[in-house]
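Survey of secondary and tertiary structure
Residues per chain, in single letters:
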Amino acid sequence: AGALEQIRENGYKDMETILPNKEGEFFCVDYDRTIYIVKSYFQAKECNIREKAEYLKGMKHLARLHSAMEGVGRNELRIPSSLPILREIEKHNAELRGVRRYLKGKGQKSEFELYLQKHYDYFFEQALSVQEKLLCENVSSLFLQMKENHPLCHGDYQYHNILMGSNTCYIINFEKMTVDSPIKDVYLFMRKLLEKNNWNLDLGKELLHTYNEERILQEEELLQLKYRFYYPEKFWKIVNFYYNSPKSWISCKNGEKLTKLLEQEEAKHILIQTMFP
């Protein structure tokens, strides 16, 4: 609540408010230790990612939100112990390594598991390569900048957390707000839109241009964006969903998602290589 109030004081007001209870507290704890909060409500509809005017407005407001977030994390949220993007990639790669061992050791495999195993090493090698290349960058310098600047990100900047009003849009659900590069939000929003549009290069350029009109991305932020795009996150999501679901019945959607991922690989790499040479 304190961080949200500081953001509002810094000039960004189109977002939810956490309301205090009668005792002035911003949360209540039930008898079973469940925590409840009360938020403000907006009479607005969810951002439609098929409407260009709406998602470009969402991108513009994200940049304005990030500008208002600068300096807020200094007294409000704990600094992570290592560079978040590296920690995230290392965690994902450890999980991919474990599922790879599981698949290799599994006896009778389903049609999806055979399909997954056939393409596993291609994406797994991509994932390891991104980790290795990121480690070759000046990670300690990037982490030092984070410790000095305390940058904040929303943490879950998806279309369902953007509500479109008549003249503006409202950002909600800040529960995952954390000290991390704002580029995490930029990536989350762009990746979903680009996947829906077969990694259209012109759209990628327009999204970044829209953001830069409000807040210029720094060199180190663009560097992190490049590595986030190169990392095969969609593959990790497919693998993670498969591994944590019952194996007695595997949804055909898993295979469909993997097929679509493979179909989009060329367009994705053209976009990344063009935008981040």
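Not measured: the values here are computed from a predicted model.

**Here's the deal with the pattern of salt bridges**
In the structure shown here, the tally under the stated rule is 19 salt bridges. The salt bridge involving Glu54 is made with Lys45; its shortest N-O contact spans 2.4 Å. Exposure remark for Glu54: the relative accessible area of 15% places this residue in the buried category. Residue classification places Lys45 among the partly exposed positions, given a relative accessible area of 46%. A single network of salt bridges, built from pairs that share partners, joins Arg191, Glu195, Glu233, Lys234 and Lys237.

**Describing the packing of helix H2 (residues 52-69) against helix H8 (residues 201-214)**
Two elements in contact, H2 and H8, have axes separated by 8 Å at closest approach and are oriented at 40°. Regarding the angle of H2 to H8, the classification is oblique. In this structure, the crossing between H2 and H8 has a hand that is right-handed. Taking contact as the criterion, the partners of Lys52, Tyr55, Leu56, Met59, Lys60, Leu62, Ala63, Arg64, His66 and Ser67 in H2 are, on H8, Leu203, Glu206, Leu207, Thr210, Tyr211, Glu213 and Glu214. Here the contact of H2 with H8 is composed, by residue class, of eight nonpolar, three polar and six charged.

Rules of the game
Residues numbered from 1 in each chain as written. Predicted model: local features only at pLDDT ≥ 70, side-chain atom pairs only at ≥ 80, totals over all residues. Heavy atoms only, no water. Salt bridge = Lys/Arg side-chain N within 4 Å of Asp/Glu carboxyl O. Buried < 20%, exposed > 50% of the residue type's maximum accessible area, 1.4 Å probe, protein only. Axes fitted to C-alpha atoms, helices over the stretch in contact; angles between N-to-C directions. Helix = DSSP H or I, 4+ residues; strand = E, 2+ residues; numbered from the N terminus. Parallel < 35°, antiparallel > 145°, perpendicular 65-115°, else oblique. Left-handed = near helix turned anticlockwise from the far one by under 90°. Contact = heavy atoms within 4.5 Å. Nonpolar A, V, L, I, M, F, W, Y, C, P; charged D, E, K, R; others polar.

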